[in-house]
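Coordinate inspection notes
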Amino acid sequence: MSDCAYENESNNGQANETKTGIEKLAQNNFSSIKNVIAVASGKGGVGKSSVTSLLACEFKRKGQIVGVLDADITGPSLPKMFGLKSGVRSNGSALFPSISDNGIRVMSLNLLTGKEDDPVIWRGPIIAGTVKQFWTDVAWGDLDYLFVDLPPGTGDVPLTVMQSLPLNGLVVVSSPQDLAVMIVSKAIKMAQMMNIPILGLVENMSSFICPHCGEEFSLFGHAQGKEIAEKFQIPFIGSLPIDPHLSELCDQGKIEEYQSNLFHDFIPEKSIQ
Ligand code: ADP
């Protein structure tokens, strides 16, 4: 039998309506979301959550109404980056996201569990179900953009999000190591197999610029972002150098204070509505 997950689902008779087999989930009565953009990486630790947050911050600065859905259920880092510990409310019918200092709406399992370092020891289908509930049961309100921070890899949750949410497309994050490049290629191919448009590639940790002498060092090997983008014929959004100030702000919950031009010219063309 093929290893392809969506072929197997078709084989199980669960998925016959579309090429990916699953109908997109409708928006609930408490949400009107114009654009949904997922952020993916092949490998963990390449800076996917940081890039998701910077993307959200840039769009917020541009005057858009922005939300962030943390689909990295077992490794959630968005609440910490935005300095949020709780703030999710419920009216009995829906959950209302927590709101950051600058007004970004954030929903993460870490905002619902008792302690931020409590582990989530759940099997894949429960985790994927939770991500779907962050779409069906959360009152996002009117949003111009919802950014979805996917867990790394090509497992259950990325598959569920690509199948179930009406995505405009995907931003893919990599870093210069050959290992990260090899694994991000899998994420790109998965999206292409599922007909999800790839809106662009970000190369994170592309270099380190010495704050003292200004010399640029390639700590993880030579930058390859442009080459991968050309190979897969996807847009190259840009590179983000290693910046100790960024990790400091992430740790302090103040990522909204970080200034970056990375997404200045990034405008996804079509909306889902
Ligand atoms: P992922 O979501 O891919 O696991 P994160 O975005 O959580 O990765 O980043 C992992 C760690 O690396 C975080 O502590 C973050 O602050 C730090 N980090 C990410 N990108 C950069 C960067 N460009 N410069 C400095 N630190 C970074």
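Residues numbered from 1 in each chain as written. Predicted model: local features only at pLDDT ≥ 70, side-chain atom pairs only at ≥ 80, totals over all residues. Heavy atoms only, no water.

Regarding helix α8 (residues 244-252)
- Those residues of α8 not exposed but buried are Leu246, Leu249 and Cys250. Burial along α8 is one-sided: seen end-on, the buried residues are contained in an arc of 105°.
- The inward-facing, buried residues of α8 abut α2 (48-61), α3 (78-81) and β11 (236-242).
- If you check the start of α8, you find a side-chain oxygen 2.9 Å away from the backbone N of histidine 245, and it comes from aspartate 243.
- One or two residues past the end of α8 sits glycine 253, with phi positive at roughly 75°. (Buried < 20%, exposed > 50% of the residue type's maximum accessible area, 1.4 Å probe, protein only. Helix = DSSP H or I, 4+ residues; strand = E, 2+ residues; numbered from the N terminus. Arc of directions from axis to C-beta. Contact = heavy atoms within 4.5 Å. Polar contact = N/O pair within 3.5 Å; in protein donor to acceptor, adjacent residues only side chain to side chain.)

Brief notes about a nonpolar patch on the surface
- There is a patch of nonpolar side chains on the surface, built from Phe217, Leu219 and Phe220 and spanning about 260 Å² of accessible area.
- You can see leucine 219 is positioned in the loop between β10 (216-217) and α7 (225-232).
- Leucine 219 sits in the exposed class, given a relative accessible area of 52%. (Patch = residues over 30% accessible without salt bridge, like charges linked within 9 Å, V, L, I, M, F, W, Y side chains within 5 Å. Areas by Shrake-Rupley, 256 points an atom, 1.4 Å probe, with all protein chains shown as cover. Salt bridge = Lys/Arg side-chain N within 4 Å of Asp/Glu carboxyl O.)

Considerations on the packing of aromatic side chains
- Considering all chains together, one arrives at 5 aromatic pairs under this definition.
- When the centroid spacing of 6.2 Å and the interplanar angle of 70° are considered together, the rings of phenylalanine 59 and phenylalanine 266 count as edge-to-face. One end of the pair, phenylalanine 59, is in helix α2; the other, phenylalanine 266, is in the segment after α8, with 207 residues separating them in the sequence. For the pair phenylalanine 59 and phenylalanine 266, a shared accessibility class is recorded, and that class is buried. (Phe/Tyr/Trp six-rings, centres within 6.5 Å; stacked < 30°, edge-to-face > 60°.)

Observations concerning the packing of helix α4 (residues 124-136) against helix α5 (residues 156-164)
- Relative to each other, α4 and α5 sit at 40°, their axes nearing to 9 Å. Both α4 and α5 take part in a crossing whose hand is right-handed. Where α4 approaches α5, its residues Gly124, Pro125, Ile127, Ala128, Val131 and Lys132 are matched on the opposing element by Asp156, Val157, Thr160, Val161 and Ser164.
- Its residues assigned to classes, the contact of α4 with α5 shows 6 nonpolar, 3 polar and 2 charged. (Axes fitted to C-alpha atoms, helices over the stretch in contact; angles between N-to-C directions. Left-handed = near helix turned anticlockwise from the far one by under 90°. Nonpolar A, V, L, I, M, F, W, Y, C, P; charged D, E, K, R; others polar.)

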